Amino acid sequence: MEFKAKLNLKFYITAVVLLSVVLLGWYGVYFLNANEILMEDNSPMDCQMKLFLSAAIGLVVLSWTISLFTLVRQILLGQAFSVDEEGIHST
């Protein structure tokens, strides 16, 4: 018996949305460090605050990047679904 399975469309949509969020997040870290950001009183943002925000955003975006790689790996290897006696189930 041969099983043919197609991944659910939600995996591809999730991968595209996650990719856009990851790219936007990494651009945010770049923008934060490459540009002069002014505070409400037109003074430049403190370097310590830039470093803190960069580290916080970087950690979050790094975890999203790992999630994206995991999702893409599951899609490519077909591990995003399982097959048993009852049929095909998406995970």
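So, here is what we can say about the structure in this document. (Residues numbered from 1 in each chain as written. Predicted model: local features only at pLDDT ≥ 70, side-chain atom pairs only at ≥ 80, totals over all residues. Heavy atoms only, no water.)

**Let's talk about helix 1 (residues 9-34)**
Phase 1 of the analysis: Taking 1.5 Å of rise per residue, the 26 residues of helix 1 would be expected to cover 38 Å, and the 37 Å separating its terminal C-alpha atoms lies within 8% of that figure.
Phase 2 of the analysis: Looking at helix 1, one finds that the buried residues are Phe-11, Ala-15, Leu-18, Val-22, Gly-25, Val-29 and Leu-32. (Helix = DSSP H or I, 4+ residues; strand = E, 2+ residues; numbered from the N terminus. Expected span 1.5 Å × (residues − 1). Buried < 20%, exposed > 50% of the residue type's maximum accessible area, 1.4 Å probe, protein only.)

**Observations concerning the environment of Val-21**
Phase 1 of the analysis: Checked against the element boundaries, Val-21 lands in helix 1.
Phase 2 of the analysis: C-alpha of Val-21 to C-alpha of Val-61: the two residues are 40 residues apart in sequence and 8.3 Å apart in space.

**Describing the side chain of Lys-50**
Phase 1 of the analysis: With respect to the helices and strands, the residue Lys-50 is situated in helix 2 (residues 47-77).
Phase 2 of the analysis: Buried within the structure, Lys-50 lacks any salt-bridge partner; Glu-36 is the closest side chain of opposite charge, at an N-O distance of 7.3 Å. (Lys, Arg positive; Asp, Glu negative; His and termini not counted. Salt bridge = Lys/Arg side-chain N within 4 Å of Asp/Glu carboxyl O.)

**Re a nonpolar patch on the surface**
Phase 1 of the analysis: The grouping of Leu-9, Tyr-12, Ile-13, Val-17, Val-21, Val-60 and Trp-64 at the surface amounts to a nonpolar patch, some 610 Å² of accessible area in total.
Phase 2 of the analysis: Elements supplying a minimum of two residues to the nonpolar patch: helix 1 and helix 2.
Phase 3 of the analysis: Element by element, the count of residues in the nonpolar patch is highest for helix 1, at 5 residues. (Patch = residues over 30% accessible without salt bridge, like charges linked within 9 Å, V, L, I, M, F, W, Y side chains within 5 Å. Areas by Shrake-Rupley, 256 points an atom, 1.4 Å probe, with all protein chains shown as cover.)

**Remarks on the packing of aromatic side chains**
Phase 1 of the analysis: Applying the stated rule across the entire model yields 2 aromatic pairs.
Phase 2 of the analysis: Between Tyr-27 and Phe-31 the ring centres are 6.0 Å apart and the planes differ by 35°, which places this aromatic pair in the tilted class. With a gap of 4 residues between them, Tyr-27 and Phe-31 both fall in helix 1, about one helical turn apart.
Phase 3 of the analysis: Taken together, the aromatic side chains of Tyr-27, Tyr-30 and Phe-31 make up a single cluster linked through ring pairs. (Phe/Tyr/Trp six-rings, centres within 6.5 Å; stacked < 30°, edge-to-face > 60°.)

**A short note on helix 2**
Phase 1 of the analysis: The end-to-end C-alpha distance of helix 2, which contains 31 residues, comes to 44 Å, matching closely the 45 Å that a straight helix rising 1.5 Å per residue would cover.
Phase 2 of the analysis: Buried within helix 2 we find Lys-50, Ser-54, Gly-58, Val-61, Thr-65, Leu-68, Leu-71 and Ile-75.
Phase 3 of the analysis: Buried-residue contacts for helix 2 involve helix 1. (Contact = heavy atoms within 4.5 Å.)

**Focus: the environment of Phe-69**
Phase 1 of the analysis: Of note, Phe-69 is situated in helix 2.
Phase 2 of the analysis: Sequence separation between Phe-69 and Ala-15 is 54 residues, and the spatial gap between their C-alpha atoms is 9.1 Å.

**A few points about the side chain of Ser-54**
Phase 1 of the analysis: Mapping Ser-54 onto the fold places it in helix 2.
Phase 2 of the analysis: When sequence neighbours within four positions are dropped, the list of residues in contact with Ser-54 reads Val-29, Leu-32 and Asn-33.

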